[in-house]
Amino acid sequence: MASAGARLARLYISCSGVILRRSLSHAGMDDMGISTSRSCLEGLEFDNVALKKLPLDPSTEPGVRQVRGACFSRVQPTPLKNAKFAAVSGPALALLGLDADEVLKDPLGPEYLSGSKVMSGSEPAAHCYCGHQFGQFAGQLGDGAACYLGEVKNPTGRWEIQVKGAGLTPYSRQADGRKVLRSSIREFLCSEAVFALGVPTTRAGSVVTSDSRVMRDINYDGHPRMERCSVVLRIAPSFIRFGSFEIFKRADEFTGRQGPSYGHDEIRTQMLDYVIETFYPEIHQNHSDRIERNTDFFREVTLRTARLVAQWQCVGFCPGVLNTYNMSILGLTLDYGPFGFMDRFDPDFICNASDTSGRYSYQAQPAICRWNLARLAEALVPDLPPDRAEQVLDEYLPLYNGFYLSNMRKKLGLLRMEEPEDEMLITELMQTMHNTGADFTNTFRSLSQISCPTQQEGEDETETIKQATELLLQQCASLEELKAANRPTMDPRELAMLLSMAQSNPALFQMISDRKTVARQLERLSRLKELMDTTAEQLRAKQTEDWSCWIRKYRQRLARECESGVDVTALQKERVHVMNNNNPYVVLRNYIAQNAIEAAENGDFSEVQRVLKVLEKPFSVQEGLENSGAEARVLVPYDSKPPMWANEICVT
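Predicted model, so just to flag it, every value in this text is computed and none were measured. (Residues numbered from 1 in each chain as written. Predicted model: local features only at pLDDT ≥ 70, side-chain atom pairs only at ≥ 80, totals over all residues. Heavy atoms only, no water.)

Here we take up the overall build of the chain. Looking only at helices and strands, the chain features 23 helices and 16 strands. A compact globule built from 652 residues would reach a C-alpha radius of gyration of about 26 Å, and the chain, at 28 Å, matches this within 12%. Expressed as lengths along the three principal axes of its C-alpha atoms, the size of the chain is roughly 115 × 65 × 55 Å. Across the chain, contacts joining residues at least 24 apart in sequence account for 72% of those joining residues at least 6 apart. With an accessible surface of roughly 29,700 Å², the chain has 52% of that area assigned to carbon and sulfur atoms. Averaging the coordinates of the 73 positive side-chain charges in the chain and doing the same for the 84 negative ones gives two points 4 Å apart. (Helix = DSSP H or I, 4+ residues; strand = E, 2+ residues; numbered from the N terminus. Rg over C-alpha atoms; globule rule 2.2 N^0.38 Å. Contact = heavy atoms within 4.5 Å. Areas by Shrake-Rupley, 256 points an atom, 1.4 Å probe, with all protein chains shown as cover. Lys, Arg positive; Asp, Glu negative; His and termini not counted. Charge placed at Lys NZ, Arg CZ, Asp CG, Glu CD.)

Here we come to the packing of aromatic side chains. All told, the structure shown has 17 aromatic pairs when counted by the stated rule. Aromatic pair phenylalanine 345 and tyrosine 362: ring centres 5.9 Å apart, planes at 90°, arrangement edge-to-face. With a gap of 17 residues between them, phenylalanine 345 in the loop between β14 (340-341) and α10 (365-379) and tyrosine 362 in the loop between β14 and α10 connect regions that are remote in the sequence. In this structure, phenylalanine 345 and tyrosine 362 share a single accessibility class: buried. Aromatic ring contacts, followed pair by pair, group Trp312, Phe317, Tyr336, Phe339 and Phe341 into a single cluster. In this structure, arginine 359 is placed above the aromatic ring of tryptophan 371, and the distance from its NZ or CZ to the ring centre is 4.8 Å. The cationic tip of lysine 411 hangs over the ring face of phenylalanine 444; the distance from NZ or CZ to the ring centre is 4.6 Å. (Phe/Tyr/Trp six-rings, centres within 6.5 Å; stacked < 30°, edge-to-face > 60°. Buried < 20%, exposed > 50% of the residue type's maximum accessible area, 1.4 Å probe, protein only. Lys NZ or Arg CZ within 6 Å of the ring centre and 35° of its normal.)

The next point concerns the pattern of salt bridges. Enumeration according to the criterion identifies 39 salt bridges in this entry. Ionic pairing is found between aspartate 439 and arginine 589, a salt bridge with its closest N-O pair at 2.9 Å. Remark: arginine 589 occurs in the loop between α21 (568-580) and α22 (590-601) and aspartate 439 occurs in the loop between α13 (422-436) and α14 (440-446); sequence separation between them is 150 residues. Pair check on accessibility: aspartate 439 and arginine 589 agree, each one buried. (Salt bridge = Lys/Arg side-chain N within 4 Å of Asp/Glu carboxyl O.)

This part covers helix α7 (residues 265-279). In this model α7 runs 21 Å from its N-terminal to its C-terminal C-alpha over 15 residues, within 8% of the 21 Å that 1.5 Å per residue would give. Among the residues of α7, those classed as buried are Ile267, Arg268, Met271, Leu272, Asp273, Tyr274, Val275, Ile276 and Phe279. As for α7, its buried residues are in contact with α2 (49-53), β7 (146-154), α8 (281-286), α9 (290-315) and α10. (Expected span 1.5 Å × (residues − 1).)

Time to look at the environment of lysine 542. In this fold, lysine 542 is placed in helix α20 (residues 536-561). Its relative accessible area of 44% is what places lysine 542 among the partly exposed residues. Taking the C-alpha atoms as reference points, lysine 542 and threonine 436, separated by 106 residues in sequence, lie 8.2 Å from one another. A polar side-chain atom of lysine 542 sits 2.7 Å from a polar atom in the side chain of aspartate 546. (Polar contact = N/O pair within 3.5 Å; in protein donor to acceptor, adjacent residues only side chain to side chain.)

Attention shifts here to the state of the cysteines. In the structure shown here, the tally under the stated rule is 0 disulfides. Here cysteine 130 is not cross-linked by a disulfide; its sulfur's nearest cysteine counterpart is in cysteine 128, at 5.8 Å. A disulfide-free cysteine, cysteine 562 has its sulfur positioned 3.7 Å from the sulfur of cysteine 452, the nearest such atom. (Disulfide = S-S within 2.5 Å.)

Glancing now at α9. Counted at 1.5 Å a residue, the expected span for α9 with its 26 residues is 38 Å, and the 38 Å between its end C-alpha atoms agrees. Phi for glycine 316, located one or two positions after α9, is positive at around 70°.

Across the interface, helix α6 (residues 181-196) lies against helix α23 (residues 606-615) with an axial gap of 9 Å and an inter-helix angle of 15°. With respect to each other, α6 and α23 are oriented roughly parallel. Handedness of the α6/α23 crossing: right-handed. Between α6 and α23, the residues in contact are Ile185, Phe188, Leu189, Glu192, Ala193 and Ala196 and Val608, Val611, Leu612 and Leu615, respectively. Class assignment of the residues belonging to the contact of α6 with α23 gives a composition of 9 nonpolar, no polar and 1 charged. (Axes fitted to C-alpha atoms, helices over the stretch in contact; angles between N-to-C directions. Parallel < 35°, antiparallel > 145°, perpendicular 65-115°, else oblique. Left-handed = near helix turned anticlockwise from the far one by under 90°. Nonpolar A, V, L, I, M, F, W, Y, C, P; charged D, E, K, R; others polar.)

Among the 5 residues in strand β6 (residues 136-140), 4 count as buried, and that is most of the element. Pairing of strand β5 (residues 130-133) with β6, which is carried by 3 bridges, proceeds in the antiparallel orientation. Across the sheet, the residue bridging to glutamine 133 is glutamine 136, located in β6. (Pairing = 2+ DSSP bridges.)

Another aspect to go through is a nonpolar patch on the surface. Nonpolar side chains collect at one region of the surface, where Met497, Leu508, Met511 and Ile512 lie side by side and expose about 410 Å² of accessible area between them. Take the nonpolar patch: its biggest share by element is 3 residues, from helix α18 (residues 506-512). Structurally, methionine 511 is set in helix α18. (Patch = residues over 30% accessible without salt bridge, like charges linked within 9 Å, V, L, I, M, F, W, Y side chains within 5 Å.)

Met430 and Leu588 are the most contacted members of the largest nonpolar core, which has 168 residues in total. Discounting residues that sit within four places of it in the chain, methionine 430 has contacts with Phe345, Tyr362, Tyr404, Met408, Phe440 and Phe444. Grouped together as the second largest cluster of nonpolar side chains are 7 residues, Leu498, Met501, Phe509 and Val518 included. (Core = buried A, V, L, I, M, F, W, Y, C linked by side-chain atoms within 4.5 Å.)

Glancing now at the environment of threonine 60. Structurally, threonine 60 can be placed in the loop between β1 (56-57) and β2 (72-74). C-alpha of threonine 60 to C-alpha of arginine 74: the two residues are 14 residues apart in sequence and 7.0 Å apart in space.

Of the consecutive residues valine 381 and proline 382, the connecting peptide bond is found in the cis state with omega at 5°. Backbone geometry places phenylalanine 134, a non-glycine residue, at a positive phi of 50°. Note that phenylalanine 134 resides in the loop between β5 and β6. The phi dihedral of arginine 173 is positive, around 55°, even though this residue is not glycine.

Across the 5 residues that make up strand β3 (residues 84-88), a large majority, 4, are buried. Two elements, β3 and strand β10 (residues 203-209), share 4 bridges in a ladder whose sense is antiparallel. Paired with phenylalanine 85 across the bridge in β10 is valine 208.

Of note, lysine 164 is situated in strand β8 (residues 157-164). Within the structure, lysine 164 has its side chain in polar contact with the side chain of glutamate 187 (distance 2.8 Å). Residues within four places of lysine 164 in sequence aside, it is in contact with Ala145, Ala146, Lys179, Glu187, Ser230, Val231, Val232, Arg234 and Tyr336.

What follows deals with the packing of α9 against helix α12 (residues 396-412). Axes are the key here: two packed helices are described by the angle between their axes and the distance separating the axes. For the pair α9 and α12, the least separation of the axes is 8 Å and the interaxial angle reads 35°. Here α9 and α12 pass one another in a crossing that is right-handed. Residue-level inspection shows Thr302, Leu303, Ala306, Arg307, Val309, Ala310, Gln311, Gln313 and Cys314 of α9 in contact with α12, the latter providing Tyr396, Leu399, Tyr400, Phe403, Tyr404, Asn407, Met408 and Lys411. Of the residues contributing to the contact of α9 with α12, the split by class is 11 nonpolar, 4 polar and 2 charged.

The pLDDT averaged across the chain works out to 91; a share of 92% of its residues lies at or above 70. Taken as a whole, residues 1-36 scores under 50 in pLDDT and shows 15 contacts with residues more than four places along the chain or in a different chain. (pLDDT = per-residue confidence, 0-100.)

Shown next, in the form of structure tokens:
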């Protein structure tokens, strides 16, 4: 018979085991001390239709290579060292059925959402596409840094998720497949900002940064530095683009390059069927004739593209690059690289410092998007006959103009009627903004403060126009700002050489430059000379005259809105509501993004989340969230014209 001491010892051991098991269970570990906690991301339901419907590259050969006869290649994301969240977007993650707070608390969250760990059901792959870069066919390009993780299916829809910056793929070319913190923060913030503006776009769920580092020469000036590897989680119904269909292109007559899947016409037809059946089901169901179906599909893509670029123009947004592979087949804003929201209005605004010819300038965007549609049409031959495509392309400009005018009428508060003269009124507004160097976003926001004329006795029209003019003059550029903005970007000696060459050797001139670029430099020189001979007082007098003239015409147009016994008070209230919901209070200006980036690079991610919160409600003034700034800079209101140091920001 065991002693009382032995029985007590066995009881203690038994109880200790229970206590230990309970402690391990509470900590999410089994008896061996191995983690059993379930990440909230492990509940995502994957249904990777694209990989089932489109051909996969059978090769698993590592490294960069030409991929023939396939739309995707399997890849293995490269893990980050000490991955951690820099920011998350609650609304974007909610598309996947995820709660942002749970994701932030999830110890495996940064690893899963950077591709460092692969979720169950995920099938990492890279997409093969080609494209025209700055007008020239470049051959195979593809996802050089982005990695398809799969498609998540839930009650909100089916969402393709990508991680951008997750390492090498067969399409990385000479790069390393990595992205850094500054570019990742810019893409994250702008994706969500553009969505909040009501513009169709891909989304961004998170930014993960790390202790892994890569060398980058930020300004391409020979001064590289080490930067943190970071990854953006991108979300969209699909990332298929115009360039996806260019992998079947025959040898280009100018560059000699051809698509890697040239001759595989059956795959082009397969991909076209997949896109229409999956993302344009109404078109698929409405047509038994394939040519009619494909034509209707191209018409819908054309319409969505026209509407998209009209929306860009109306908020002063430029993607920076609009190569054919930067154009979504779903009509979404895609690939946030050297983008920019315009500050001072300039139709020749170029946000990408690498775009020296101005091919993708603000005013060029509508025409470039039509050019890209034409390249898509060529890529779809013979599934889309050229004559049918041309008929659809003829509809593009009227569609674009219709969308643009409709949006602009809302921005100006012209709600009750559409007049042919409205187009001229809008054109004259833009010309006045250009001449006076007015801030694009703030000028439009200010227009709601210009009221409809009334028939009340004693209303002084002259005084009203004076007050409205003073309001808009606050958004105009100073003399020094205009001088800086109009300095030629080309060295005077280079410009003189090109002018001489244009006369003496036109053929050589065409090889190294173009008349449009030179004309733009000469125009800047002319404007600068004019400004050098102008005083600040003379400039302000001219700005006052320009704005008074336009406001008078605007008020006359508003008066016609108030005819026929309209309740002017009710109309004015409606105008202000519509205008303030179409003219944002804040956009992601470069200086706002730069402040957030500099803070994040110093380990403080709070400004990124703060900016995100402001951008989620761009049409509202948010109390307590008015200022942007890091410790090294003076606080600047988010709705301010850019500070002088913002002119030094260079995005390529």
